[in-house]
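Residue-level listing of the chains:
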Amino acid sequence: MGNRTPLFDTHQALGAKIVDFGGWDMPLHYGSQIDEHHVVRQQAGMFDVSHMAVVDISGSDAQSYLEYLLGNDVGRLKAAGKALYSLMLNPDGGVIDDLIVYLLGDNRYRLVVNCGTAAKDLAWMQQQAAGFAVAITPRPDLAIIAVQGPQAMARVKSVASADAAAAIDGLQNFSATTVGSWFIARTGYTGEDGLELIVPGTEAVALWQQLLDAGVKPVGLGARDTLRLEAGMNLYGNDMDESVSPLEANLGWTIAWEPTERNFIGRAALQAQRDAGVSQKLVGLVMEAKGVLRAHQQVSSTTASGTGEITSGTFSPTLGFSIALARVPVEFSGAALVDIRGKAVPVNIVKPCFVRHGQAVINQN
Amino acid sequence: MSELPKELRYLETHEWVRNEGDGTATVGITDHAQEALGDVVFVELPEVGQTLNAGEEAGVVESVKAASDIFAPVSGEVIAINEELEDAPETINQSPYGDGWFYRIRMSDPSELDALMDADAYREVAEDE
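All values reported here derive from a predicted model rather than from experimental measurement.

### Considerations on the overall build of chain A
Each helix and strand in chain A was counted, giving 9 helices and 21 strands. Relative to the globule expectation of 21 Å for 365 residues, the C-alpha radius of gyration of chain A, 21 Å, shows essentially globular dimensions. Here chain A holds 365 residues, and the buried ones make up 57% of them. Long-range pairs, those at least 24 residues apart, make up 66% of the contacts in chain A between residues at least 6 apart in sequence.

Shown next, in the form of structure tokens:
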């Protein structure tokens, strides 16, 4: 038996197909992964993502510690509630994890990190904290319910307290607020508008039921993967890991090079890569022919030498054909070929974002 | 455990075959297989007129999760394919033993059916996975 979130019994009662995910027993789907995908693009769906780890950081050195720990700069968070997507890098510039950091107040931050890397992340964070006056506090007492889709905000408001509903009305994209026991963040991993609700684990089952009653449909991790891939969002472990530079994972934008005096872990290595130029890039692939692109299939070009590899591939329910992220030589563009079980199948190289707010957005790379 | 009709014969690779009693047989994938695959999004079927040998690859079914080869349970000539699956591959999930059939074959050696598993034998294989 794996780890279980407070909602495990609820998932079982809803008929979920439970699978192991990073050591956790999690719902893959509740019937049809594709139907659940469409619900998020068209209405509102909810995911139990309580397996992700919440870590609170506080202390008089919290800001300077995170400025050293993270590739993005928490100094850019100018008001409580603001959020930042960032990488945590090793000294070689490889990606230890990707995360979201929220500013809670003066020298108080909340990080949400991946479940499969949580233990490694915590050990690293504690190791790097030497010399900083910080407290690193994992919060396994909290559950996370992500409500996503064009109707997500309205449906959450319909079950929220008057204060929480008012706060949701005033909540800007990529920011968060605390109302009573709810931490409400306007963030997500689907390319749709929506909220991530971080609540005490003891309240998760009741909140889930209220949302169900309000017409929010349960969605499993299967649809979470097709939604994030359509949105062109990387998945840690697939699209980047400790052996991959952010500059080769379409994540250069998350590195805050300014101010130049900020010394963060991995900076020197990344600067050297940037000066020398990288040899690979992460691109999107679309294949309108029949079939499904899958991770680890080889990519070749008709005009450039070398080979690349698909890092994430799937059938896109919104588009009706297959899409993928692939790491390829920087010279690749336009037409390419993917080796699918021995057959060279033509694909197009595009910018790695396929769907936003329910609409196709495919641009040539 | 998923549905397993008694009148069918089964392969370890999760195909079912139904003897139609007129020298032909119909082939599909089991309820267990469709459940393990998840939503089916594409299917590649053999061609009408094609000759298949038992155990030979007869097509591919692709789901959101994986691509899976389909093997021929019996030898013979393909006399019909389920063209509905082209536009509605989800039929395989909804009705694996009915509207989600793959192809129909004129058997060259109907005794091959005797070597295949019955529902109870297949149940053990499926439960061991």
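That covers the picture; the talk isn't over yet.
### Some remarks on the overall build of chain B
Each helix and strand in chain B was counted, giving 4 helices and 9 strands. Mapped from its N terminus to its C terminus, chain B presents α and β elements in the order β-β-β-α-β-β-β-β-β-α-α-β-α. The globule rule puts the C-alpha radius of gyration for 129 residues at 14 Å, and the 13 Å found for chain B is close to it. Along the first, second and third principal axes, the C-alpha atoms of chain B reach 35 × 30 × 20 Å. Considering chain B as a whole, with its 129 residues, one finds that 50% of them fall into the buried category.

### A word on the nonpolar core
All names here are of chain A. Phe47, Leu89, Tyr102, Val112, Ile144, Ile198 and Met240 are the most contacted members of the largest nonpolar core, which has 32 residues in total. Of all the elements in the fold, those that place two or more residues in this core are β5 (83-89), β6 (95-105), β9 (142-148), β11 (182-185) and α8 (221-230). At 4 residues, β5 tops the list of elements feeding residues into this core. The contacts of Leu89, once residues within four sequence positions are left out, are Leu69, Gly71, Gly94, Val95, Ile96, Trp124, Pro246, Ile255, Phe264, Ile265 and Leu270.

### Topic: the packing of aromatic side chains
This model, assessed by the stated rule, comprises 7 aromatic pairs over all chains. Measuring from centroid to centroid gives 5.6 Å for Phe315 of chain A and Phe42 of chain B, while their planes differ by 90 degrees, and the two rings are edge-to-face. Pair noted here: Phe315 of chain A is in strand β16 (residues 307-316) and Phe42 of chain B is in strand β4 (residues 40-44), and the two residues belong to different chains. Residue Phe315 of chain A is classed as buried on the basis of its relative accessible area of 9%. Following the ring pairs from residue to residue traces out a cluster consisting of Tyr65, Tyr68 and Phe132 of chain A. Positioned above the aromatic ring of Phe183 of chain A, the side-chain terminus of Arg110 of chain A is 4.8 Å from the ring centre. One Lys or Arg, Arg274 of chain A, reaches over the ring of Trp257 of chain A and ends 4.0 Å from the middle of that ring.

### Side note on the interface of chain B and chain A
Residue-level contacts link 15 residues of chain B with 12 residues of chain A. Here chain B packs against chain A, burying approximately 1300 Å² in sum over the two surfaces, 49% of which is carbon and sulfur. Looking at the side of chain B facing chain A, the largest losses of area belong to Asp39, Phe42 and Val64 of chain B, adding up to 45% of the total buried there. Connecting chain B to chain A are 3 salt bridges. Of all the elements in the fold, those that place two or more residues in the side of chain B that touches chain A are α1 (31-37), β4 and β6 (57-63) of chain B. Ranked by residue count, the leading element in the side of chain B that touches chain A is β4 of chain B, at 4 residues. In terms of residue class, the side of chain B that touches chain A is made up of 8 nonpolar, 1 polar and 6 charged.

### Concerning the pattern of salt bridges
Counted under the stated rule, the structure contains 18 salt bridges over all chains. In this structure, Asp73 of chain A engages Arg262 of chain A in a salt bridge whose closest nitrogen and oxygen atoms are separated by 4.0 Å. Taken together, the residues span a long stretch of sequence, with Asp73 of chain A in the loop between α3 (62-69) and β5 and Arg262 of chain A in the loop between α8 and α9 (267-276) at a distance of 189 residues. The class of Asp73 of chain A is buried, set by a relative accessible area of 6%. We classify Arg262 of chain A as buried; its relative accessible area is 8%. Between Arg341 of chain A and Glu62 of chain B there is a salt bridge whose closest N-O contact spans 3.6 Å. Highlighted residues: Arg341 of chain A in the loop between β18 (335-340) and β19 (343-350) and Glu62 of chain B in strand β6, drawn from two different chains.

### Observations concerning a negative patch on the surface
All names here are of chain B. Together, Glu83, Glu84, Asp87 and Asp99 line one region of the surface with negative charge. Within the secondary structure, Glu83 is located in the loop between β8 (76-81) and α2 (84-87). Using a relative accessible area of 60% as the deciding quantity, one classes Glu83 as exposed.

### Here's the deal with the sheet that holds strand β8 (residues 135-138) of chain A
Residue and element names in this part refer to chain A. Read from one edge to the other, the open sheet built from 5 strands follows the order β5-β6-β7-β4-β8, with strand pairing classed as antiparallel. Pairing within the sheet leaves two strands with one partner each, and these edge strands are β5 and β8. With direction set aside, neighbouring strand axes in the sheet form an average angle of 30 degrees. The sheet contact formed by strand β4 (residues 53-58) and β8 spans 4 bridges and is antiparallel. Following the sheet pairing, Asp56 is matched in β8 by Thr137.

### Things to note about helix α4 (residues 119-127) of chain B
Buried within α4 of chain B we find Ala119, Tyr122 and Ala126 of chain B. Along the axis of α4 of chain B, the buried residues cluster in a sector spanning 65 degrees; they form a single face.

### Some remarks on the pairing of strand β2 (residues 24-29) of chain A
All names here are of chain A. Buried residues dominate β2, accounting for 6 of its 6 residues. Across 5 bridges, strand β1 (residues 17-21) lies against β2 in antiparallel orientation. Bridging from a neighbouring strand, Phe21 pairs with Trp24 of β2. The turn linking β1 back onto β2 is made up of 2 residues, and Gly22 within it adopts a positive phi angle of 55 degrees.

### Description of the domain arrangement of chain A
Residues and elements named next belong to chain A. Domain annotation for chain A reports domain 1 (8-47 + 141-230) and domain 2 (279-360). Computed over C-alpha atoms, the centres of domain 1 and domain 2 are 30 Å apart. Taken together, the contact between domain 1 and domain 2 spans 11 residues of the former and 16 residues of the latter. Both faces considered, domain 1 and domain 2 share a buried interface measuring about 1100 Å² in area, 61% of it formed by carbon and sulfur atoms. It is Gly191, Leu229 and Glu230 in domain 1 that bury the most area against domain 2; as a group they hold 53% of the surface buried on that side. Inspection of the region where domain 1 meets domain 2 yields 0 salt bridges. Among the secondary structure elements, those contributing two or more residues to the side of domain 1 that touches domain 2 are α2 (33-42) and α8.

Definitions and cut-offs
- Residues numbered from 1 in each chain as written.
- Chains lettered and ligands numbered in written order.
- Predicted model: local features only at pLDDT ≥ 70, side-chain atom pairs only at ≥ 80, totals over all residues.
- Heavy atoms only, no water.
- Helix = DSSP H or I, 4+ residues; strand = E, 2+ residues; numbered from the N terminus.
- Rg over C-alpha atoms; globule rule 2.2 N^0.38 Å.
- Buried < 20%, exposed > 50% of the residue type's maximum accessible area, 1.4 Å probe, protein only.
- Contact = heavy atoms within 4.5 Å.
- Core = buried A, V, L, I, M, F, W, Y, C linked by side-chain atoms within 4.5 Å.
- Phe/Tyr/Trp six-rings, centres within 6.5 Å; stacked < 30°, edge-to-face > 60°.
- Lys NZ or Arg CZ within 6 Å of the ring centre and 35° of its normal.
- Buried area = accessible area lost by both parts, 1.4 Å probe.
- Salt bridge = Lys/Arg side-chain N within 4 Å of Asp/Glu carboxyl O.
- Nonpolar A, V, L, I, M, F, W, Y, C, P; charged D, E, K, R; others polar.
- Patch = residues over 30% accessible without salt bridge, like charges linked within 9 Å, V, L, I, M, F, W, Y side chains within 5 Å.
- Areas by Shrake-Rupley, 256 points an atom, 1.4 Å probe, with all protein chains shown as cover.
- Lys, Arg positive; Asp, Glu negative; His and termini not counted.
- Charge placed at Lys NZ, Arg CZ, Asp CG, Glu CD.
- Pairing = 2+ DSSP bridges.
- Axes fitted to C-alpha atoms, helices over the stretch in contact; angles between N-to-C directions.
- Arc of directions from axis to C-beta.
- Domains from an automatic or database assignment.

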